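Spelled out from the first residue to the last, the chains are:
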There are 2 protein chains.
Amino acid sequence: MSDSGTAVRNTRQRSAVSALLAEVEGFHSAQDLHAMLRDRGERVGLTTVYRTLQGLADAGEIDVMRPPGGEHLYRRCSEGHHHHLVCRACGRTVEVAGPTVETWADKVAAQHGFTNVSHTLEIFGTCPTCTP
Amino acid sequence: MSDSGTAVRNTRQRSAVSALLAEVEGFHSAQDLHAMLRDRGERVGLTTVYRTLQGLADAGEIDVMRPPGGEHLYRRCSEGHHHHLVCRACGRTVEVAGPTVETWADKVAAQHGFTNVSHTLEIFGTCPTCTP
DNA sequence: GCGACAATGACAATGATTGTCAAAAACGCA
DNA sequence: TGCGTTTTTGACAATCATTGTCATTGTCGC
């Protein structure tokens, strides 16, 4: 389940998506990224964008967020595990690291005998700029 | 935005959904709940189930979880704020309270000047029963 | 009891995501 | 380097939960 025969091939489309993610900031939906690629002149199918993003997410190279609004948002993010603080009004995103939370989550899970633990955490609020 | 003229009326359908949620255990999707209501002989439209669940969620009477699989899951849960530890294999759910996390989230948000803060946290793992 | 007004519900619409499958491209190997 | 195998691509259809619509119905204040 880790690196059996599945040889991942290096294609122009995959590179294009990776390159784009390396340049843009903030979260973007798959459709959003697809549109940007087309603006750049890169011809990549929407289906391929979805699949590439899924692959990158599986590989841990990008982060997926599911805001309570609808679409999945993808973002290339810094190494290691961290979480996001998102402004409800303007969408501004701050990356926050939370060793406290990591420890707590692992501890709680262990207390209940859970193994192979992962977790997701998003914090939503109104940022200073958007506060009246 | 809190309790202006919007008078919430007490209807048979709303009671039915509430009553059902009070009896069933674990998380259920809207469609799931709708099917259960029909089995019970309660005639409630799917649209109404969705709207009622939304209302209850807004009022904080039920909890919404968005598992990485698709549908929203609703559950009547204990008072106060808490989170969930979910088994990837069997779906068993454990309610966990995390004062540590609440504090941490609020603190981090405050540090960045965010107000009106809320957060979502789910922990996924494999429960003891499902561990080989 | 009556009237205003929110709630209901059948149905259509939306819209993101996934499935399909033939054609094209990439990589391993000789 | 050339060839064959195998993955990948991409246009389109399909899926499916959720939301919008709007005429009708039921509630609640008075």
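Residues numbered from 1 in each chain as written. Chains lettered and ligands numbered in written order. Predicted model: local features only at pLDDT ≥ 70, side-chain atom pairs only at ≥ 80, totals over all residues. Heavy atoms only, no water.

1. Looking at the nonpolar core
Here's step 1: Residues L85, W104 and F114 of chain A together with L85, W104 and F114 of chain B are the most contacted members of the largest nonpolar core, which totals 26 residues.
Here's step 2: Where this core is concerned, the elements lending two or more residues are β4 (83-87), β5 (93-96), α4 (99-111) and β6 (115-126) of chain A together with β4 (83-87), β5 (93-96), α4 (99-111) and β6 (115-126) of chain B. (Core = buried A, V, L, I, M, F, W, Y, C linked by side-chain atoms within 4.5 Å. Buried < 20%, exposed > 50% of the residue type's maximum accessible area, 1.4 Å probe, protein only. Helix = DSSP H or I, 4+ residues; strand = E, 2+ residues; numbered from the N terminus.)

2. Section: the sheet that holds β6 of chain B
Here's step 1: Spatially, the six strands line up as an open sheet ordered β5(A)-β4(A)-β6(A)-β6(B)-β4(B)-β5(B), and their pairing is mixed. One side of each edge strand has no neighbouring strand; the edge strands of this open sheet are β5 of chain A together with β5 of chain B. Neighbour-to-neighbour, the strand axes of this sheet turn through a mean angle of 20°, independent of strand direction.
Here's step 2: Pairing of β4 of chain A with β5 of chain A, which is carried by four bridges, proceeds in the antiparallel orientation. Within β5 of chain A, the position partnered with L85 of chain A by the bridge is V94 of chain A.
Here's step 3: The strands touched by α4 of chain A within the sheet are β4 and β6 of chain A together with β4, β5 and β6 of chain B, with β6 of chain A carrying the most contacts at an inclination of about 135°.
Here's step 4: Across the sheet, α4 of chain B touches β4, β5 and β6 of chain A together with β4 and β6 of chain B, and the angle it forms with β6 of chain B is around 135°. (Pairing = 2+ DSSP bridges. Axes fitted to C-alpha atoms, helices over the stretch in contact; angles between N-to-C directions. Contact = heavy atoms within 4.5 Å.)

3. What about the sheet that holds strand β3 (residues 73-76) of chain B?
All names here are of chain B.
Here's step 1: In spatial order, the strands read β1-β3-β2; together these three strands make up an open sheet with antiparallel pairing. Both outer strands of the open sheet, β1 (28-29) and β2 (62-65), are each paired with one neighbouring strand and no more.
Here's step 2: Bridge count for β1 against β3 is two bridges, and the pairing is antiparallel. Within β3, the position partnered with H28 by the bridge is Y74.

4. What to know about the UniProt feature "binding site: Zn(2+)" (unreviewed entry) in chain A
Here's step 1: Mapped onto the present numbering, the UniProt feature "binding site: Zn(2+)" (unreviewed entry) falls at C87, C90, C127 and C130 of chain A. In sequence the annotated residues extend across 44 residues, while in space they remain close, none of their C-alpha pairs exceeding 8.3 Å.
Here's step 2: Tracing the sequence through the fold places C87 of chain A in strand β4.
Here's step 3: Beyond its immediate stretch of four places on either side in the chain, C87 of chain A contacts R92, G125, T126, C127 and C130 of chain A together with F114 of chain B.
Here's step 4: Within the secondary structure, C130 of chain A is located in the segment after β6.
Here's step 5: Beyond its immediate sequence surroundings of up to four residues, C130 of chain A is in contact with C87, A89 and C90 of chain A. (UniProt positions renumbered as here; feature names shortened; annotations may be inferred.)

5. Comments concerning the interface of chain A and chain B
Here's step 1: The interface is formed by 36 residues belonging to chain A together with 36 residues belonging to chain B.
Here's step 2: Counting the surface lost from both chain A and chain B, the interface buries some 3,000 Å², and carbon and sulfur atoms represent 64% of this.
Here's step 3: Linking chain A with chain B are zero salt bridges.
Here's step 4: Remark: the boundary between chain A and chain B carries six residue pairs in polar contact (both at pLDDT 80 or more).
Here's step 5: Here the side of chain A that touches chain B takes twelve residues from β6 of chain A, the largest share from any one element. (Buried area = accessible area lost by both parts, 1.4 Å probe. Salt bridge = Lys/Arg side-chain N within 4 Å of Asp/Glu carboxyl O. Polar contact = N/O pair within 3.5 Å; in protein donor to acceptor, adjacent residues only side chain to side chain.)

6. Structural notes on the confidence of the model for chain A
Atom-level detail of predicted coordinates should not be read off regions where pLDDT is low.
Here's step 1: Per-residue pLDDT for chain A averages 82, and the proportion of residues at 70 or more is 89%.
Here's step 2: Of the regions scoring below 50 in pLDDT, residues 1-5 of chain A engages in zero contacts with residues more than four places distant in sequence or in other chains. (pLDDT = per-residue confidence, 0-100.)

7. Quick look at unusual backbone geometry
Here's step 1: With phi around 55°, N116 of chain A is a residue other than glycine that occupies positive phi space.
Here's step 2: The residue N116 of chain A is located in strand β6 in this model.

8. Quick notes on the protein's contact with DNA strand D
Here's step 1: Not every one of the 21 residues close to DNA strand D is listed here, only the nearest: R9 and R51 of chain A together with R9, Y50 and Q54 of chain B.
Here's step 2: Sugar and phosphate atoms form 60% of the subset of DNA strand D atoms that lie within 4 Å of the protein.
Here's step 3: In the environment of DNA strand D, a base nitrogen lies 2.8 Å from a nitrogen or oxygen atom belonging to the side chain of R51 of chain A.
Here's step 4: The set of elements that each furnish at least two residues to the surface near DNA strand D consists of α1 (12-23) and α3 (46-58) of chain A together with α3 (46-58) of chain B.
Here's step 5: Broken down by element, the surface near DNA strand D gets its largest block of residues, four residues, from α3 of chain B.
Here's step 6: Across the surface near DNA strand D, the residue classes break down as four nonpolar, ten polar and seven charged. (Near = heavy atom within 4 Å. Nonpolar A, V, L, I, M, F, W, Y, C, P; charged D, E, K, R; others polar.)

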